[in-house]
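# Chains, contacts and geometry: an overview
Given next are the chains, with one letter for each unit.
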Amino acid sequence: MNAIFSLPEATTHAVRVDQIFYGLLILSGSTMLLVFALVISFAARYRRGSNAKRGPLPEFFKREFEIGWTSATLFLFGFLFWWASSADIKGIAAPANALEMHVVAKQWMWKTQHSNGAREINALHVPVDQPVRLVMTSQDAIHSFFVPAFRVKQDVLPGQDTSIWFQATRTGVFPLLCAEYCGTNHSAMRGRIVVMRQEDYANWLTRQPEGDDLAHVGAKLFVAQGCSGCHAEHSSVHAPKLTGLYGRTVQLSDGRQVKADDQYIRDSILQPKRDIVAGYEPIMPSFSGLLDDGEIQSLTAYVRSLRSEKAGAATEQQND
Ligand code: CUA
């Protein structure tokens, strides 16, 4: 289908969003036309002084008819709800083989980082036909990562990770905007998403200056910040071990269960007293104020890299 207002449809998600948009537009447009036509024709037909019949309704318009059209509309709107929400739900969880990239927003720029550590400012290169998951956080105000051609928009919050994913379907350069008013230069907080052929992306990535990848930076921080004193495999301190933690469900001492995702790891670093793992003492100090957002992302990436061997192998298989 043609793109809305000639905006390119550059992801699989964009196609779904546009189909729903056009579906709703056609449906509500024709409903409106029908209602207007009836209003006008009834106004003309039953105007004062006309001799149209004003007696009881014909036999046909009885209870069954009423029930029929009410349930038909109910069914139709139930279908619309299912259609739109299933597209939204597909947009939430990224496929397991998604490439992971990091975004840090600040007044007033977008800082992005690839899994091998290559960094960019106000730009992000991605391969076509490959799911890409962005893990995003802000250093200051609330920003919003908005790529109109991708039909994705996600708020980027300080002190919290949010994520989105997309799979680009065509190569090209697409504008990235900030969609949340974030101060004086909000309107200048722009960037571009460069979608490349997969080989070109691989080449481009190898040409970027060597940066330590996030997990390696995190591994160094893990030692430098003293985390390893308690959380390393061989440590004698009674603290939760981190191997295989990421993605698992954790039993907390107050009976709750939480999934060990990016947000849980960030919270555990910054507010360690909040979610105490069952069987452990609340002895960990908070690292709030001691680590910046980039460092927390690196530590999270390191913990993520400690997924068990088995889980790692499964992910690799899906990549093949
Ligand atoms: Cu960042 Cu508006």
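Described in the following lines is the structure provided in the data block. (Residues numbered from 1 in each chain as written. Predicted model: local features only at pLDDT ≥ 70, side-chain atom pairs only at ≥ 80, totals over all residues. Heavy atoms only, no water.)

### Let's talk about the side chain of His-102
Threshold: A helix here means a DSSP run of H or I that spans at least four residues, while a strand means a run of E at least two residues long, and both kinds are numbered starting from the N terminus. Throughout, exposure labels follow a simple rule: accessible area from a 1.4 Å probe, protein chains only, divided by the maximum for the residue type, with under 20% read as buried, over 50% as exposed, and the rest as partly exposed. By the convention used here, residues are in contact when the closest approach between their heavy atoms is within 4.5 Å.
Inspection of the secondary structure puts His-102 in strand S1 (residues 99-106). Of the residues examined, His-102 reaches a relative accessible area of 5% and is grouped as buried. With residues near it in sequence (within four places) discarded, His-102 still touches Lys-111, Thr-112, Gln-113, Val-135, Leu-214, Gln-297 and Arg-304.

### Things to note about the sheet that holds strand S7 (residues 152-156)
What counts here: In this scheme, strands are said to pair when DSSP sees at least two bridges between them. Think of each axis as a best-fit line through the C-alpha atoms, taken over the contacting stretch in the case of a helix, with angles from 0 to 180 degrees between the N-to-C directions.
Strand order across the open sheet formed by five strands is S4-S10-S9-S6-S7, with mixed pairing between neighbours. Either end of the sheet is taken by a strand with one partner, and the two such strands are strand S4 (123-127) and S7. Each neighbouring strand pair of the sheet contributes to a mean axis angle of 20 degrees, computed without reference to strand direction. In this sheet, strand S9 (residues 172-178) lies alongside strand S6 (residues 143-147) in antiparallel orientation, the contact comprising two bridges. Bridge pairing links Phe-146 to Leu-177 in S9. Contacts from helix H3 (residues 198-207) reach S4 and strand S10 (191-196), with the element oriented near 130 degrees to S4.

### What about the packing of helix H1 (residues 12-45) against helix H2 (residues 63-90)?
Just so we agree on the cut-off: Angles below 35 degrees are treated as roughly parallel, those above 145 as roughly antiparallel, those between 65 and 115 as roughly perpendicular, and all remaining angles as oblique. Two helices crossing with the near one rotated counterclockwise from the far one by less than a right angle form a left-handed crossing, whereas a clockwise rotation gives a right-handed crossing. Three classes are used: nonpolar for Ala, Val, Leu, Ile, Met, Phe, Trp, Tyr, Cys and Pro, charged for Asp, Glu, Lys and Arg, and polar for all others, with Gly counted as polar.
Running from amino to carboxyl end, H1 crosses H2 at an angle of 160 degrees, the nearest separation of the two axes being 10 Å. As far as their axial angle goes, H2 and H1 are roughly antiparallel. Every pair of crossing elements has a handedness; the one defined by H1 and H2 is left-handed. In contact with His-13, Arg-16, Gln-19, Ile-20, Gly-23, Leu-24 and Leu-27 of H1, H2 contributes Leu-76, Leu-80, Trp-83, Ala-84, Ala-87 and Lys-90. A per-class count over the contact of H1 with H2 returns eight nonpolar, three polar and two charged.

### Re the packing of aromatic side chains
Any aromatic ring pair is given by two values, namely how distant the centres are and how the planes are angled relative to each other. Stated formally: Centre distance within 6.5 Å is the pairing criterion for rings of Phe, Tyr and Trp, where only the six-membered ring of Trp is used; planes under 30 degrees apart are then read as stacked, over 60 as edge-to-face, and the remainder as tilted. For a lysine, the NZ atom is tested; for an arginine, the CZ atom; a charge sits over a ring if that atom is within 6 Å of the ring centre and within 35 degrees of the ring normal.
A complete count under the given rule lists nine aromatic pairs for this structure. Residues Phe-79 and Trp-83 carry aromatic rings whose centres are separated by 5.9 Å and whose planes lie at 20 degrees to one another, so their mutual orientation is stacked. With a gap of four residues between them, Phe-79 and Trp-83 both fall in helix H2, about one helical turn apart. A residue is classified by how much of its surface remains accessible, and Trp-83, at 24% relative accessible area, is partly exposed. Taking 4.8 Å as the distance between ring centres and 50 degrees as the angle between the ring planes, the aromatic pair formed by Phe-150 and Phe-166 counts as tilted. On the criterion of sequence distance, the pair formed by Phe-150 in the loop between S6 and S7 and Phe-166 in strand S8 (residues 162-167) is long-range, its members being 16 residues apart. In this pair, the class of Phe-150 matches that of Phe-166, namely buried. Ring pairing ties together the aromatic residues Phe-79, Trp-82 and Trp-83, which thus form one cluster. Here the basic side chain of Lys-153 rests over the ring of Phe-146, its NZ or CZ set 4.6 Å away from the ring centre.

### Focus on unusual backbone geometry
Following Gln-107, the chain continues into Trp-108 via a peptide bond in cis, with omega recorded as -5 degrees. In this structure, Arg-151 takes a positive phi of about 60 degrees despite not being glycine. Here Arg-151 lies in the loop between S6 and S7. On the accessibility criterion, Arg-151 (13% relative accessible area) is buried.

### Remarks on the pattern of salt bridges
The condition that has to hold: Salt bridges are identified by distance alone: a Lys or Arg side-chain nitrogen within 4 Å of an Asp or Glu carboxyl oxygen.
All chains considered together, the criterion is met by eleven salt bridges. The shortest N-O distance in the salt bridge between Asp-161 and Arg-266 comes to 3.1 Å. Of this pair, Asp-161 sits in the loop between S7 and S8 while Arg-266 sits in helix H6 (residues 262-270), and the two are 105 residues apart along the sequence. Neither Asp-161 nor Arg-266 differs from the other in exposure class; each is buried. Asp-200 is the partner of Arg-197 in a salt bridge, and the nearest nitrogen-oxygen pair spans 3.3 Å. Its relative accessible area of 44% is what places Arg-197 among the partly exposed residues. On the accessibility criterion, Asp-200 (29% relative accessible area) is partly exposed.

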